[in-house]
Each structure stands twice: as C-alpha cells, then as structure tokens.
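# Fold and geometry: a report
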Amino acid sequence: MKLNCFSSFAFFVFCIANGFAQDQTKGLKDYYQNYFPIGVSVSPQSLKSDEAKLILQQFNSLTPENVMKPGPIHPEENRYNWAPADEIVNFAQANGLKLRGHNLCWHQQTGDWFFKDEKGNQASKKVVLKRLKDHITAVVSRYKGKIYAWDVVNEVISDKRDEYFRKTKWFEICGEEFVAKAFEYAHEADPNALLFYNDYNEIDSVKREKIIKLVQGLQKAGVPVHGVGLQGHWAVNEPSKGQLDKTLKRFSDLKLKLQITELDISVYPKEHNARDRNPEDSDTDFTSEKEQKQTEVYKMCFELFRKYKDVLSGVTFWNISDRSSWLDDFPVKARKDYPLLFDKDLKPKKAFWEVVKF
C-alpha cells in the first residue's frame, strides 16, 4: 500500500515538473483567451468525424483549408461550388466560432478559365480583372458578416532573391495592379471584413523585406489592407529564436494586424522544394528525439507569440492532428510527418503541454 501511494505521489510530482498536470478539460483557446484566438484549418469531412469534438474543445477560430480557394469554389466562369464552403460556415455559425476566409486570389488552385478568352487564347487584362472582381464580389458577398477576415492575396512575392513578384499568369497579364484591385474589390463587397496579405518563408530576411515593401506600397496608395498573414510552415531546425523575434518585430513596425495563419512544425529539417524520395526517407518513426526537437521549437514560438500579443490577433494551425497533414506529401510524397500538437489518436503531445505551460 505504501509503495502504491508513493508511486502515485511520485507520478504526480513528475507530472507537475513536466507540465502535464494542467486541466485536461481546457483547450488551447482557453489557455490563450487573454492573448489571441487559436484557430485551425478544416475540411467539411473533418466536421463530420471524431475530430469535430477536438475542434470544439481546442479552437475558437476556423479556416477552410481548401474549399474556398478559387479553383474549388469557382471551377467554371458561370458555376460556383458553394456547398462545401457553406458547410464550414454553417458549422462555425452554429458553434460561435470565428471564421477566416482563405483565399481570394492565388496562382495555384485557380481555374485556367480565368486567364483564357473564348478561343482559348490568353485573355486581356481588362477581362481578367473583371473576372477577378466578379469572383471576389460573389464570394465575399455570400459570406458577408460571417467571415471576419480574408486572406485576400496569397503568395505573390518570389522566393528568388533577385526577383520581386512571382512570375504567374496574374502578373503576366495584369502586372502588379491585380494585388491592389483584389483588396479594393474585397473591401467593396464587405467593408467590415479585415483584409490580409498572406505569405510563407516570411522568416527569410530577403523575402521578408520584399513582403514589407509590397504592403507598405499598398498602404501608401490608400489600398484597404489591414493585416499580414505569416503562414508559419516551419520545422525542427528553423526558425531560430532570434530569427523569429526579428521577424515579428519587423512586421509589427507596419502597425497592421499580424496573424500566424498556417502553423505547423515539421519533424524533418526544412526543405523548400518538392523532391523525389531518398532511401533515408523510409525512416518515418516519430522518435523521442524528433518529438523533443519539435517540442522545443513549439515552446519557443509560443513564448514569442505571447511576447507580441499586442500585435498578434490570431494563431491558426494548418490541419487538426497528425492523423493528416499536407506535409505527409511535401516535400516528399507519402513520407509521414507529425507537425501538429495532437497525435493520430487526437491526444495532446508533449509539445501541447509546453505551449500551454505559462
């Protein structure tokens, strides 16, 4: 009996020392209620699975992962696919959750019809901008008053160090003008919505300055841009604490709202481009070493997020749990990753407890 009592006490002390004794009925949203909303990207399918309970327990903001992107929601010029997006909007409304819209203008997952005339040739700038306006007006108007913030323009800045804008059909046909126009169209459709520019690799000093140049240019031109979304697709080897601190400080100088919009921490060293599988990619076990490295990065990130709570107005995870992540297929196809705070059984990982231990 004494041994059992001692063992129980020792385990209790262990839990306290390691941060595992928090109230397990509390969710991330509760721990961070005095800081910022905690969001998650979702699909309509996830809202009808056992993940729905976890979503409601842990998060108070949703982002549609794919169904509001231009291609899925507007596959043909005269046809919209509203049903999947409506499911997410209705779920958020029914459960009192904030909702971010993602996204209105992107070079990927956008139908080729946007850029072609009736003969299949490249459409004119006038036609393309008219289509962009029609698209944004229809989508934003449908969810007016239900979506509080939009990622209006996504990833237009080039990753090439000596190139400013990414070379896309949008840029080829419209030049830089389509960015400002997209924000103007969105603001006209819903003057109360917060409008964000959203991009990745924002911790890279060169790309960061190009993003800031873009946003400052929009500000000076009187374009209604209200915030910057830092995607936060990071890994066990980046960012460093100094790198992230400098990034958050630099973007805070814009005096706009900042949000972490697509957070995940890969358990593999960061790679920025897709590649073929190598023999070592077969080692996909979630080892204690991988977990420890990931835990340290998550802990550091949220320490800095809390430091910048006056400018950060939201942190959103990209996917719900390790059961499924876009990183399972990037940069290597079918290489299992474990980038989130909940495991495949929807249980909190060690990183979770470090994130809420403050």
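Below: a short report on this structure. (Residues numbered from 1 in each chain as written. Predicted model: local features only at pLDDT ≥ 70, side-chain atom pairs only at ≥ 80, totals over all residues. Heavy atoms only, no water.)

### A word on the side chain of serine 158
Position of serine 158 relative to the elements: it lies in the loop between strand 4 (149-154) and helix 7 (169-174). Setting aside its immediate chain neighbours within four residues, serine 158 contacts Glu163, Tyr164, Phe165, Arg166, Lys207 and Lys210. (Helix = DSSP H or I, 4+ residues; strand = E, 2+ residues; numbered from the N terminus. Contact = heavy atoms within 4.5 Å.)

### A few points about the pairing of strand 4
With six of six residues buried, strand 4 is to be regarded as a mostly interior element. Sheet analysis places strand 3 (residues 98-105) next to strand 4, joined by four bridges and oriented parallel. Residue pairing in the sheet places cysteine 105 in a bridge with valine 153 of strand 4. Relative to strand 5 (residues 194-199), strand 4 runs parallel, the two being bridged by five bridges. Looking at the pairing, alanine 149 lines up with leucine 194 of strand 5. (Buried < 20%, exposed > 50% of the residue type's maximum accessible area, 1.4 Å probe, protein only. Pairing = 2+ DSSP bridges.)

### Side note on helix 3 (residues 51-58)
Looking only at helix 3, the buried set comprises Glu51, Ala52, Leu54, Ile55 and Gln58. Angular distribution of buried residues about the axis of helix 3 spans 160 degrees; they occupy a single face of the element. Next to the buried residues of helix 3 lie helix 2 (28-31), strand 1 (38-42), strand 2 (61-64), helix 5 (83-94) and helix 12 (350-355). (Arc of directions from axis to C-beta.)

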